[in-house]
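Fold and contact review
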Amino acid sequence: MSNSTRTQVREPFMHITKRTDVKLWQSWGARIIAIILALVVNGFFIDSVTGLNPVDVYKIMWTGTFESTYNFMTTLRDVAMLLCISLALAPAFKMRFWNIGAEGQVLMGALLSAVVMIYLGGKIPSSSLFIIMFIVSCAAGALWAAIPAYFRAKWKTNETLFTLMMNYVAIDIVDVCTNTWRGSKSSMGQINAHTKAGWFPKVLGYRFTISILIVLALAIIIELYLNHSKHGYELSVLGESEDTARYAGINVQKVIVRTMLMSGAICGIAGFITVAGTDMTVSSATARGFGFTAIIVTWLAGLKTPYMFGMSFLLIFLEKGASQISSAYSSLNDYSTQVITGIILFFILGSEFFVKYKLVRRKKETAKKGGDSK
Amino acid sequence: MKKKVLSIVLAAATACSMLAGCGSTETGDTAAAGTSAAAATSEATATADSAADASASAAASDLKVGVILIGDEAVGYDKAHIDGIETAKTACGLSDDQVIYKKNVPESVDCYDAAVELIESQGCNVVVSDSYGHESFIDQAADEYPDVQFVSMTGDFAAISGKTNFANAFDNVYESRYVSGIVAGAKIKELADAGKLTDSNYDEDGKVKVGYVGAFNYAEVVSGYTAFYLGLTSVYPDAHMYVDYTNSWFDVDAEAAMAEKFISDGCVIVGQHADSTGAPSACQAAYDKGTTVFSIGYNVDMLDVAPDAALTSASNNWAIYYEYLFNTLLAGDKIDQDWSKGYNEDAVKITDLGPNCAEGTQDLVDTAISGLKDGSLQVFDTSKFTVSADNVATTLSKSGAAVTTDDAGHVTSCKIDMSFYDYSTGTPTLVYQGDTDEAIVDGAFEESTFRSAPYFTIRIDGITELN
């Protein structure tokens, strides 16, 4: 856009520099300002499209998560599921291996859990049933991740495309199975609805309490694995440069396949806890698109576990709020609530940019306006 | 490093305390919501209490209805429900906050979640769901909340489930499909008489081709398209109908694609049992390009999207049921566990006839409606259709209904097993035992009398399932 000549290098109108000393209050200040701005912009949107009072709409949105214990618990359940997949992606992302295939890996895990429930449910004691479900789900997810990893390690195929395509294969496999199982019904219903074989027992009143605890344990393990283990260190070296890693004596092929086996296995666990603790059935919608959402969560959280929890919570909160709004108002349907949550996300992500970087204007202008740099 | 470990421990501790906190406050919340303490989630107590009178808690002014919809206003089927509920709400004097909607609830555990939220958070004492696949999740909630009245629209096992707080309801929409078939038949007759059909519109046997976009291949859809075909052939007998399934209740693209395929194959009429405007829009687009094709829609008037191609839509008048439901509960009475009404109570209808309908259509429609009302006309009159040996076998393999016919191919007996099976385990497993009933009574198949959900699954001659 700008005309630059060989003789005279013109400084661009603005340039971006990394912030070095961000204080905690500054970063949180930026985030809070972002949320307020998002709510204001949304206010104009809601008012202009529907004429509703934005504050009422926000109140309804809040109730999606905080209206009752049950809402809050189902929010935690969904956060656990999203966090679980995000945790699975973190080791792969740390070595800069773009595993876009979590959706498919979760589905294969879920499918195998369902297969075990269907064919072994009621035939073996429930403790061994759960163990078998767990193992085969891990294996299925791991296998689904290992195929592209092996190709990448061996022949340097593009893992982004490969893992992405594996999702659609998995979705179709699940569709074929469920279409067979549902017989002439419009949906499969719940597996073993009568015997409840392969359903998690209720703990503290909820079946998914066990799921939440499993994810909690996983979160701790992954945090330790990434930051306090030799494997974790190998991943970060590999992520910086494959050549350096090789020079340092790291077996790159082995690390890639090993890490993806783990990544896929954890996705398989996500499938397992969804089938056994939440859905008690399987369909191509079992993964709920969380396999893709988790990519955003993991990357934006900078692979840091506590931030992953925060991001997961925010996204689920927005999703719950959105569905609450579209149920409460006929004038705000699914599509307009997606606009509302989209705007909020946009501002929050935007604020992360300003937390990490600052825009510096060209010197002349800066001098005139008196050094304004946000 | 220490800081990180600390933060994890803190996170873990917070999460644990949250869990513990939630568990202990749960019963308190339930009691506070105004429902009885027996509504707490224990399954053991639920079964023991299932005989308790469920309607008592739903009495008079504290009636609060939660409605679970598979779609929203953008989906014809759900729009029809919402319209019916809003009409009934006004008629029965309910206030706005006595009816709470949960929209876009898929046929998954989300349905169970929605039901529990409506009960626990909103204090609903009646929960209605509008889609077939919701039923097993509603059944689960009905187990756990014996004091709440549940209604599963189009569902088929409430009566045999042994729960008194669980009911099914459905309109006899096959009656309005039959009448919409008459509208289609009249149009084909007019086109054929005027010589406006081309060779591609006829199959090799010289029968006019008709297409039908179905959702799933089970009783509700089979009953519907057969009624439509019988209405059509009552006016124009030389027609052959092709049926295909989208495997979804609402899929604009798939429905449009299927309709386009029917149109390119030479179908003159495209009917539908799917909830979007995909098929009528496709018909209108083809019509605008000069193809002779007309659409019979479902649920809502399709003239908005297909002003020339839409003839009419088979539809429900849900307000009739919802008024019955609200009034009965307000009076503190028990509702029928199986409610199904048709033209005799004006619970079904066809939408306004489009401008391109054949002359004299209205008269044919009026005659048929009065025939259906006084019982002189039977939709599934066995003398009006035949079933070949092949179709008897197909019927048995696809639905389990045992059909016997006389030498001419007319059905003399059809045994319907009303039991509810779980198919998810490979072989059908009995969940709720029902009777096996003889559906052929006085020379007609009695639809929706043994239970509210349709059970006509006979594959009759003249209709080809493509999938």
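The model shown is predicted, which means the values in this text are computed figures rather than measured ones.

From N to C terminus, chain A includes 14 helices and 2 strands. Taken along the three principal axes of its C-alpha coordinates, chain A extends 80 × 65 × 35 Å. In chain A, buried positions account for 45% of the 374 residues.

Take the nonpolar core next. Among the nonpolar cores identified, the biggest contains 245 residues, and Cys84 and Ile85 of chain A together with Ala115 and Cys283 of chain B are the most heavily contacted of them. For this core, the element with the highest residue contribution is helix 3 (residues 69-94) of chain A, accounting for 16 residues. Split by domain, the residues of this core number at least three in each of domain 1 (39-169) and domain 2 (173-465) of chain B. Ignoring sequence-local partners within four residues, the contact set of isoleucine 85 of chain A consists of Ala102, Val106, Cys267, Ala270, Phe290, Gly291 and Ala294 of chain A.

On to the packing of helix 3 of chain A against helix 12 (residues 305-328) of chain A. All names here are of chain A. Contact geometry of helix 3 with helix 12 gives a least axis separation of 9 Å together with a crossing angle of 135°. With respect to helix 12, the axis of helix 3 lies oblique. Along this stretch, helix 3 crosses helix 12, giving a crossing that reads as right-handed. On helix 12, the residues touching Thr75, Asp78, Val79, Leu82, Leu83, Ser86 and Leu87 of helix 3 are Met308, Phe309, Ser312, Phe313, Leu315, Ile316, Phe317 and Lys320. A per-class count over the contact of helix 3 with helix 12 returns 10 nonpolar, 3 polar and 2 charged.

Quick look at the environment of lysine 202 of chain A now. Here lysine 202 of chain A is to be found in the loop between helix 6 (159-181) and helix 7 (209-228). Note on lysine 202 of chain A: 14 C-beta atoms within 10 Å, which makes it partly exposed.

It is worth spelling out the pairing of strand 1 (residues 65-68) of chain B at this point. Residues and elements named next belong to chain B. A two-sided burial pattern is seen for strand 1, the buried positions comprising Val65 and Val67 on one face and Gly66 and Ile68 on the other. Strand direction decides the pairing type here: strand 1 and strand 2 (residues 99-102), joined by 4 bridges, are parallel. Residue isoleucine 68 lies in a different strand from strand 2, and its bridge partner there is lysine 102. In the classification by handedness, the crossover that spans strand 1, the intervening helix 3 (residues 76-91) and the parallel strand 2 is right-handed.

With that out of the way, let us pick up the pairing of strand 3 (residues 126-129) of chain B. Residues and elements named next belong to chain B. Where burial is concerned, the two faces of strand 3 agree: the one with Val126 and Val128 and the one with Val127 and Ser129 are both buried. In this structure, strand 1 lies alongside strand 3, joined through 4 bridges in parallel fashion. Bridge assignment links valine 65 to a residue of strand 3, and that residue is valine 126. Note: strand 3 against strand 4 (residues 149-153), 4 bridges, orientation parallel. By the bridge assignment, valine 127 is partnered in strand 4 with phenylalanine 150. The handedness of the strand 3 to strand 4 crossover, carried by helix 5 (residues 135-144), is right-handed.

All names here are of chain B. Taken domain by domain, chain B holds domain 1 (39-169) and domain 2 (173-465). Contact with domain 1, which involves 36 residues of that partner, is made by 37 residues of domain 2. Within the residue set of the side of domain 1 that touches domain 2, elements represented by two or more residues are helix 3, strand 4 and strand 5 (166-169). No other element matches helix 3, which puts 10 residues into the side of domain 1 that touches domain 2. A class-by-class count of the residues in the side of domain 1 that touches domain 2 yields 22 nonpolar, 12 polar and 2 charged.

Residues and elements named next belong to chain B. Judged by pairing direction, the sheet is mixed, and its 7 strands sit side by side in the order 12-10-9-8-6-7-20 without closing on themselves. Edge positions in the sheet fall to strand 12 (348-350) and strand 20 (463-465), since each of these pairs with one other strand and no more. Averaged over all pairs of adjacent strands, the angle between their axes in this sheet comes to 15°, without regard to strand direction. Bridge count for strand 6 (residues 208-214) against strand 7 (residues 239-245) is 7 bridges, and the pairing is parallel. When the bridges of strand 7 are listed, glycine 211 appears paired with tyrosine 242. Sitting on the sheet, helix 6 (residues 173-193) touches strand 6, strand 7, strand 8 (269-273), strand 9 (294-298), strand 10 (310-316) and strand 12, and the angle it makes with strand 10 is about 170°. On the sheet, helix 8 (residues 252-264) packs against strand 6, strand 7 and strand 8 and is oriented at approximately 170° with respect to strand 6.

Glancing now at the packing of helix 4 (residues 102-120) of chain A against helix 10 (residues 252-279) of chain A. Residue and element names in this part refer to chain A. At their nearest, the axes of helix 4 and helix 10 sit 7 Å apart, and the two run at 50° to each other. In this view, helix 4 runs oblique relative to helix 10, as classed from their interaxial angle. Handedness of the crossing formed by helix 4 with helix 10: right-handed. Only Gly264, Cys267, Gly268, Ile269, Ala270, Gly271, Phe272, Thr274, Val275 and Ala276 of helix 10 make contact with helix 4, whose side of the interface consists of Ala102, Gln105, Val106, Leu107, Met108, Gly109, Ala110, Ser113 and Ala114. Classifying every residue of the contact of helix 4 with helix 10 gives 12 nonpolar, 7 polar and no charged.

All names here are of chain A. In a regular helix each residue adds 1.5 Å, so 26 residues correspond to 38 Å; helix 3 covers 36 Å between its end C-alpha atoms and thus fits that length. Most of helix 3 sits out of view: 24 of its 26 residues are buried. Backbone geometry just downstream of helix 3 places arginine 96 in the positive-phi region, at approximately 55°.

This part covers the sheet that holds strand 13 (residues 402-405) of chain B. Residue and element names in this part refer to chain B. Pairing within the open sheet is antiparallel, and its 3 strands lie in the order 13-14-17. At either margin of the open sheet sits one strand with a lone partner, and together these are strand 13 and strand 17 (436-438). Between one strand and the next, the sheet's axes are offset by a mean angle of 15°, whatever the strand orientation. Of the pairings in the sheet, the one linking strand 14 (residues 411-417) to strand 17 comprises 3 bridges and is antiparallel in character. Considered in strand 17, the bridge of aspartate 417 is made with threonine 436.

Reading the values: rules and limits
- Residues numbered from 1 in each chain as written.
- Chains lettered and ligands numbered in written order.
- Predicted model: local features only at pLDDT ≥ 70, side-chain atom pairs only at ≥ 80, totals over all residues.
- Helix = DSSP H or I, 4+ residues; strand = E, 2+ residues; numbered from the N terminus.
- Buried ≥ 20, exposed ≤ 12 C-beta atoms within 10 Å, placed from the backbone.
- Core = buried A, V, L, I, M, F, W, Y, C linked by C-beta atoms within 7 Å.
- Domains from an automatic or database assignment.
- Contact = placed C-beta atoms within 7 Å.
- Axes fitted to C-alpha atoms, helices over the stretch in contact; angles between N-to-C directions.
- Parallel < 35°, antiparallel > 145°, perpendicular 65-115°, else oblique.
- Left-handed = near helix turned anticlockwise from the far one by under 90°.
- Nonpolar A, V, L, I, M, F, W, Y, C, P; charged D, E, K, R; others polar.
- Pairing = 2+ DSSP bridges.
- Right-handed = clockwise from strand over helix to strand, strands pointing away.
- Expected span 1.5 Å × (residues − 1).

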